[in-house]
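# Residue-level structure breakdown
Listed below are the residues making up each chain.
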Amino acid sequence: MTAQEVRLCGLLLQEHFGEVVERIGTHLLRGGAQNLRTIANETNTPLDLVKKSLCVLVQHGACEFGSGRRGPGSPVEYRASCERVLRVLRYPRYIYTAKTLYGDTGELIVEEVLQRGHMTMSNTVKTVADRLTHNMEEGRSMEYSEVVSAFSKLVETHFLQRCPPVAEMGTAATSTNPATPGTPAASASTAPPTAESNPDCYKLPHVTLIGRGKRRRSSDDSEEQRGGKKAKMDSESCGDEGIYWQVNFERFHQHFRDQAIISAVASKLDQTSSEIVRTMLRMSEVTTTQTAAYTQPLSANEIFRSLPPNYSISRPILDQYLSLLVDDPMEFVGKSGDSGGGMYVISKEPWPTWRELHWSLWYRRGWCVCQSWFGSRSARIFRLLLRKRHLEQKQVEDFAMIPAKEAKDMLYTLLSENLVQLQEIPKTPDHAPSRTFYLYTVNQLPTARLLLQHCYKTVANLIERRLFETKENKRLLEKSQRIEAILASLQASGAEPEQLTEVEEMITAPERQQLEALRHHINKLDSTENQVDETVFLLESYIFSTKTK
Amino acid sequence: MAGRGRGRGRGQMTFNLEDLGIGRGDSLPPTTFKPSPLFPPMPVQPVPLQTGEEVEYMLALKQELRAANKTLPFYIRRAAPKRDVDRYSDKYQSGEPKDSAIEWSPDWSRLPKELCIKVRKPLAKRHPPQVKQPKKPLVGKEEILTKLETLEKKEEAVNSEEEEDGEKKKTNEEEEQAEEEEFEEDFEEDTDYIMSYFDNGEEFGGDSDDNIDEATY
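Starting from 1, residues in each chain are numbered consecutively following that chain's sequence as written. Naming scheme: in the order in which they are written, chains are lettered from A and ligands are numbered from 1. Per-residue local features of the predicted model are confined to residues with pLDDT of at least 70, and side-chain atom pairs are confined, for both listing and counting, to 80 or more; whole-chain, interface and lining totals are unaffected and use all residues. Hydrogens and water molecules were not included; the side-chain quantities draw on all heavy atoms of the structure.

### Here's the deal with the sheet that holds strand S1 (residues 34-35) of chain A
Residue and element names in this part refer to chain A. A strand pair is defined by DSSP finding two or more bridges across the two strands. What counts as a helix is a DSSP run of H or I of at least four residues, what counts as a strand is a run of E of at least two, and both are numbered from the N terminus. Spatial strand order, S1-S3-S2: 3 strands in an open sheet with antiparallel pairing. In the strand order of this sheet, the two ends are held by S1 and strand S2 (63-66), each with one partner. Taken together, the 4 bridges between S2 and strand S3 (residues 77-80) define a ladder with antiparallel strand orientation. By the bridge assignment for S3, Glu64 is matched with Arg79.

See the structure below:
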């Protein structure tokens with residue numbers, strides 16, 4: 001948890017949940033696991049507010065609780081998760097992806113679940129149906145069944161998952177595997193169960209949606225009983241109480257990565273090959289687990305059958321494309337056998353292809369950063385060093401075709417910004433300077449981390465600037481809001497045009513200009529945040545991929 | 001002494017400057033005496049932002065989400081600080097968030113017991129008096145205090161139900177009654193006054209007839 005990350009998390013929490021939650025959240029992020037009393041004392045917040053904030057944080061998955069350090073008897077300790085809070089930055093991207101995949105209904109479902117943290121299926125369906133009806137014309141309303149089908153599609157493709165069952169604290173321990181109810185595990189689970197450890201993670205809707213069997217849900221519901229602690233609420237119960245759904249961020253990330261692969265293939269080769277790769281990825285979407293190194297091998301026949309109908313290419317051409325993809329130095333696709341016309345795999349995780357791909361995507365970012373900070377020639381040097389790994393000063397000048405003096409200058413600026421590093425290779429054991437090679441090199445992983453921290457700092461600065469701008473012009477913004485409200489109410493009650501123009505003139509022309517400029521700035525800042533977040537995603541996934549080799 | 005002949009005026013270092021490419025007679029950039037400026041002049045103009053339908057849609061989404069967050073119950077505001085004197089209208093006009101109440105009802109079975117806090121229902125809801133559910137045993141000495149409080153409140157809740165009907169007060173009382181029946185821990189009511197002492201003056205006129213015969217001194 002670096003300082004930049006904590007600062008960014010604090011700003012995000014403040015924007016979404018208010019200052020109280022921000023204070024509690026940053027305290028938890030900085031201080032690690034703490035119990036309730038400690039938090040209240042150290043942040044000087046009344047106990048009730050601390051409780052409320054913790055409820056909010058747990059609801060949104062940003063905080064986990066577990067039994068204390070001294071065993072089951074000690075007070076409950078809370079841990080905040082920096083990663084989860086940073087996801088908030090990516091919410092618009094998730095929602096937009098859901099929209100492109102599943103239309104407006106899917107978009108609203110994901111939006112609701114994101115805003116509320118976790119929800120039961122029935123609640124989600126009702127809320128979304130209401131919202132859709134609200135936007136529809138008079139007299140039409142949204143069927144629950146349509147929303148339910150969109151929901152089930154999201155669950156089938158693993159975009160939504162069930163929330164993991166809560167580990168009980170104290171002596172009564174629950175089994176983390178609800179498929180065997182009534183046989184509680186002997187020992188209390190020390191680590192909070194992840195969603196994936198629950199075998200029913202994506203299973204339930206398959207069972208209940210056939211024939212809208214709400215009755216069946218209550219029998220499945222019994223599998224979720226936990227030590228008899230549940231309070232059944234009789235009113236408005238649809239039988240799926242206690243089964244909460246949350247957004248599966250990993251799945252969305254996988255989708256983003258797939259999109260990155262496809263666009264990289266498209267830019268390097270051509271559209272058709274990217275379609276082929278897209279088909280392969282889609283076929284193996286659900287069968288590949290997150291940590292698999294390779295997708296399941298797909299035979300060329302299967303690929304041929306699954307190609308989208310508008311891409312009617314003949315079989316020999318498909319084979320040619322596949323061999324092209326295999327031979328490409330980027331190694332997007334690997335060949336793993338010859339049965340069924342040739343088995344092909346796409347490597348998903350570090351070695352070698354995914355890492356290579358990540359690396360290349362990453363290095364492109366680094367190159368872009370270089371270019372934007374220092375100009376295209378420095379970017380050329382950076383790229384050269386990445387390609388050739390280690391180069392001497394003289395070699396850099398030669399390969400980059402840049403005059404010596406400028407090359408020196410650029411190298412030193414890059415060195416001072418830590419984008420390149422100096423590697424000493426002694427010729428003699430006494431490391432005499434005159435007999436040592438000094439090579440310039442780029443250390444990928446540390447540089448990636450550096451860039452990531454820069455990105456966090458950037459986003460935090462953007463948010464702060466936006467807050468500053470809003471605060472500066474608060475008076476003007478409030479005035480314009482009031483006037484809009486007056487206008488709206490006048491129009492609703494049917495006023496004459498003169499009255500409307502009179503109200504509109506309450507804002508003077510220079511004020512209007514100021515407001516326009518302010519809106520323009522805020523839009524720009526917001527848009528930049530979104531785009532920096534794309535780089536953040538890329539860098540984060542690269543760093544993550546190097547960790548799990 | 002041994003190094004005095006070499007690199008005079010430049011300072012002695014353990015490695016040979018030639019190898020790094022700084023030859024003799026080259027001028028190094030001037031040393032800096034203060035931290036770099038806050039907004040340094042940029043040698044290269046930044047790449048313009050991406051534009052397009054997708055980008056604008058996500059921008060609109062982001063701004064909507066931000067606005068919507070403020071209306072959700074998850075946005076926690078501190079209760080407004082108490083004014084100098086407790087006013088009568090506080091009891092009826094409590095539209096602001098209270099510290100001791102939470103505006104949404106989470107699933108308490110998924111949270112540790114110690115986080116349980118009174119849920120504040122919106123005033124518009126009316127609850128018919130519910131059948132008292134068996135209370136869960138409380139831990140600690142709070143149990144005795146809360147039991148006394150709840151007994152007290154039940155008494156005056158019954159009283160007030162008989163006196164008034166269809167008024168806001170009833171809604172409040174029923175709310176309180178319903179609340180304290182449903183939840184284990186009950187925090188103190190917002191006023192310091194004991195409810196049964198409150199005399200709303202309906203019985204005032206009744207006694208005056210009896211005292212008319214007595215002489216006033």
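That was the structure; now back to the text.
### Re the packing of helix H2 (residues 19-31) of chain A against helix H4 (residues 47-59) of chain A
All names here are of chain A. Between H2 and H4, whose axes approach to 9 Å, the crossing angle comes to 75 degrees. By the angle between their directions, the pair H2 and H4 is classed as roughly perpendicular. Here H2 contributes Val20, Val21, Ile24, Gly25 and Leu28 to the contact with H4, which in turn contributes Leu49, Val50, Ser53, Leu54 and Leu57. Its residues placed into classes, the contact of H2 with H4 shows 8 nonpolar, 2 polar and no charged. To get an axis, fit a line to the C-alpha atoms, keeping to the stretch in contact for a helix; angles then go from 0 to 180 degrees between the N-to-C directions. Roughly parallel here means an angle under 35 degrees, roughly antiparallel means over 145, roughly perpendicular means 65 to 115, and every remaining angle is called oblique. Should any heavy atoms of two residues lie within 4.5 Å, those residues are considered in contact. Here the term charged refers only to Asp, Glu, Lys and Arg, the term nonpolar to Ala, Val, Leu, Ile, Met, Phe, Trp, Tyr, Cys and Pro, and the term polar to all other amino acids, Gly among them.

### Considering the interface of chain A and chain B
Tallying the contact residues gives 71 residues for chain A and 50 residues for chain B. Overall, the association of chain A and chain B removes approximately 5400 Å² of surface from exposure, summing both partners, and the carbon and sulfur fraction of that is 59%. Summed over the three residues of chain A that lose the most area to chain B, namely Lys52, Tyr96 and Gln115 of chain A, the buried surface amounts to 12% of that side. One speaks of a salt bridge when a side-chain nitrogen belonging to Lys or Arg is within 4 Å of a carboxyl oxygen belonging to Asp or Glu. Here Lys62 of chain B ties to Glu529 of chain A by a salt bridge, and the two come within 2.9 Å at their closest N and O atoms. Whenever a nitrogen or oxygen atom comes within 3.5 Å of another N or O atom, the pair is scored as a polar contact, on the condition that within protein one atom can donate a hydrogen and the other can accept it, and that pairs from neighbouring residues in sequence are kept only if both atoms are in side chains. In this structure, the connection of chain A to chain B is made through 13 residue pairs in polar contact (both at pLDDT 80 or more). For the side of chain A that touches chain B, the secondary structure elements donating two or more residues are helix H1 (3-17), H2, H4, helix H6 (91-116), helix H15 (350-374), helix H18 (404-416), strand S12 (436-441) and helix H22 (509-547) of chain A. Buried area adds together the accessible area that both of two parts lose upon being put together, with accessible area traced by a 1.4 Å probe.

### A look at the confidence of the model for chain A
Any residue range with low pLDDT should be treated as having predicted coordinates unsuitable for detailed reading. Values of pLDDT, which run from 0 to 100, indicate the predictor's confidence residue by residue. Of the residues in chain A, 75% reach a pLDDT of 70 or more, and the chain-wide mean stands at 76. Contacts of residues 169-191 of chain A to residues separated by more than four positions or lying in other chains number 30 contacts, the stretch itself having pLDDT below 50.

### Quick word on the sheet that holds S12 of chain A
Residue and element names in this part refer to chain A. Pairing in this open sheet of 3 strands is antiparallel, and the strands run S10-S12-S11 from one edge to the other. Of all the strands in the sheet, the pair left with one neighbour each is strand S10 (390-392) and strand S11 (421-426). Neighbour-to-neighbour, the strand axes of this sheet turn through a mean angle of 40 degrees, independent of strand direction. Of the pairings in the sheet, the one linking S11 to S12 comprises 6 bridges and is antiparallel in character.

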